[in-house]
Amino acid sequence: MNTILIIAAMFACLFIVLFLGLPVALGLGGTAALFGYLYVPDVLMAAPSSFFSTPWQNILVTVPLFIFMGNIVRYSGIAQDAYDAAYKLIGHLPGGLAMGTVQVCTVFAAITGVTPPATITMGQIAYPSMMHYQYHRGIAIGSIGAGGALGALIPPSVPFIFYGILSNESVGALFLGGIIPGLILSILYVIYIGIRCKLQPHMGPAIPKDNRYSVREKIGAIAGIWPFLVLIIIVLGVIWMGVATPAEAAAFGAGGALLINILYRSLTWQIVKDSIIFTVKLVGMGFWILIAANFFVNIFSALGGQDVITSAVLGMPGGKWGALLMMMFIIMILGMVMDDWAIIMMVTPLFVPILNELDISTLWFGVLFIVNIQIAYLTPPFGFVLFWIKSILPEDVTMGDVYRSVLPFIGLQLIGLILLILFPELATWLPSTMR
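This text gives an overview of the structure that appears in the document.

Criteria and cut-off values
- Residues numbered from 1 in each chain as written.
- Predicted model: local features only at pLDDT ≥ 70, side-chain atom pairs only at ≥ 80, totals over all residues.
- Heavy atoms only, no water.
- 1 Å grid on protein atoms, 1.4 Å probe; cavity = no way out; pocket = protein on both sides within 12 Å on 5 of 7 lines; lining within 4 Å.
- Points joined across faces, edges and corners; volume = space filled by probe spheres on them.
- Helix = DSSP H or I, 4+ residues; strand = E, 2+ residues; numbered from the N terminus.
- Axes fitted to C-alpha atoms, helices over the stretch in contact; angles between N-to-C directions.
- Parallel < 35°, antiparallel > 145°, perpendicular 65-115°, else oblique.
- Left-handed = near helix turned anticlockwise from the far one by under 90°.
- Contact = heavy atoms within 4.5 Å.
- Nonpolar A, V, L, I, M, F, W, Y, C, P; charged D, E, K, R; others polar.
- Phe/Tyr/Trp six-rings, centres within 6.5 Å; stacked < 30°, edge-to-face > 60°.
- Buried < 20%, exposed > 50% of the residue type's maximum accessible area, 1.4 Å probe, protein only.
- Polar contact = N/O pair within 3.5 Å; in protein donor to acceptor, adjacent residues only side chain to side chain.

What the largest pocket holds in volume is close to 380 Å³. Along its surface, the largest pocket is lined by 18 residues, and Ala 110, Ile 179, Leu 183, Ile 232 and Leu 236 are the ones closest to its centre. Elements supplying a minimum of two residues to the lining of the largest pocket: α6 (96–112), α10 (171–199) and α12 (226–240). If you add up the space inside the second largest pocket, you get close to 300 Å³. Around the second largest pocket, the lining comprises 18 residues; the ones closest to its centre are Leu 282, Met 285, Asp 339, Phe 384 and Trp 388. Within the residue set of the lining of the second largest pocket, elements represented by two or more residues are α2 (24–39), α14 (269–302), α17 (340–358) and α19 (384–392).

Turning our eyes to something else, we now look at the packing of helix α8 (residues 137–149) against helix α20 (residues 399–422). Relative placement of two packed helices is described by the angle separating their axes and the distance separating the axes. Close contact between α8 and α20 brings their axes to 8 Å; oriented N to C, the two are set at 55°. Here α8 is positioned oblique relative to α20, judged by the angle of their axes. As for the relative orientation of α8 and α20, their crossing is right-handed in sense. Contacts between α8 and α20 involve Arg 137, Gly 138, Ile 141, Gly 142, Ser 143, Ala 146 and Ala 149 on the former and, on the latter, Asp 401, Val 402, Ser 405, Phe 409 and Gln 413. Per-class residue counts for the contact of α8 with α20 are five nonpolar, five polar and two charged.

Here we take up the packing of aromatic side chains. The geometry of an aromatic ring pair is captured by the separation of the ring centres together with the interplanar angle, meaning the angle of the planes. Tallied over the full model, the rule gives 11 aromatic pairs. On the numbers, 5.7 Å between centres and 70° between planes, the contact of Tyr 189 with Phe 409 is edge-to-face. On the criterion of sequence distance, the pair formed by Tyr 189 in helix α10 and Phe 409 in helix α20 is long-range, its members being 220 residues apart. Note on accessibility: Tyr 189 and Phe 409 belong to one class, buried. With a centroid separation of 6.2 Å and 15° between ring planes, the pair formed by Phe 296 and Phe 300 is classed as stacked. Separated by four residues within a single helix, Phe 296 and Phe 300 lie in helix α14, roughly one turn from each other. In this structure Phe 296 comes out as buried when scored by relative accessible area, which is 1%. The exposure class assigned to Phe 300 is buried, which follows from its relative accessible area of 0%.

Along the chain, Asp 401 falls in helix α20. A polar side-chain atom of Asp 401 sits 3.1 Å from the main-chain amide nitrogen of Thr 398.

One pass over the structure, following the stated rule, counts one cavity of 30 Å³ or more. Size it by volume and the largest cavity reaches roughly 60 Å³. Taken together, Ile 78, Ala 79, Ala 82, Val 104, Val 107, Phe 108, Ile 111, Ile 225 and Phe 228 make up the lining of the largest cavity. Sorting elements by how many residues they give to the lining of the largest cavity places α6 first, with four residues.

Right under this line is the structure:
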């Protein structure tokens, strides 16, 4: 049977089982096992290797530590304090609450390392507040979705950790590479919200004058969250200055989050328990996907799939740029139907040889990859952030409302991606300053 037809059948089988609702890890592993048994049974011996060697990589210790740090902070109530600070500082501006939501999500992204916590938490906090002050549903939902998606890009980003492992790129450099693009996207969102609400005041009316606060009250609101901002700066700072590895910084961050919560008397055994449970569930899911993706790629390569993908991408018109755009397009399409971790683990081993062939920086491509993942997160019909948002909004909010609300922000993400393609230094300059 023709290699191309086998590869096409393999991907068709994978997408069918995913559409039917089979967990991603089982879909990847089961598809690999089926096609391995049918066409390359000798390679099935790669399965034990995937099970026992994949999880035992030192850098993977950062994943549970960063997720645990984020959840300790999430359950502590800091998101509510941060939103209250934004409410007091810029709520008097048109669209101020939506802009504040994006800003809080930006800070929250630098604590959690993943997308769901910021999206769900801010949906529960910010949406009712914006509805209370007569904000348009579209601007409210859009700001939560776009802001929440920043968790995949702004360090300590767990997707960067997995990409770094599979591409042999420095995780510390990837973390630093995501800072400027993350801030650019956050600023684009804030500018868009501000301009639109200025031109269309009904989209995001300013809070009444009677609800505005004095300078002293605003300073007090900021003081309530400064320890966590310091924690973020220190965690990233020790990586930037070369004082600690990402794993050591993750341990420091988790311990620091516990200490701050203890000092503020917001830590309870229930918070610790819930944080551990969430961390174990998410990490367990991620590791199983990593194992299954490793197995899938081994079978895929044994079938000749790597050669097919490499030839197809390198054969694109436009040379290096045509190949790059093709890879970006593949990632975007996969993002509509698959989880970000699964995409990273499945396509990174396939794309790295192409990047090396074209002399494309794996650091730059990694940042482009994760920005693209954010676009896929918000892209209908299967963007995962869309379903997370819908799950915590009132029943009168339809899926159509959610789709329409994120469209302008998808446009802004595309602008951010184009800027990064045109100006690679936006992603590579800060990592180049590492000592």
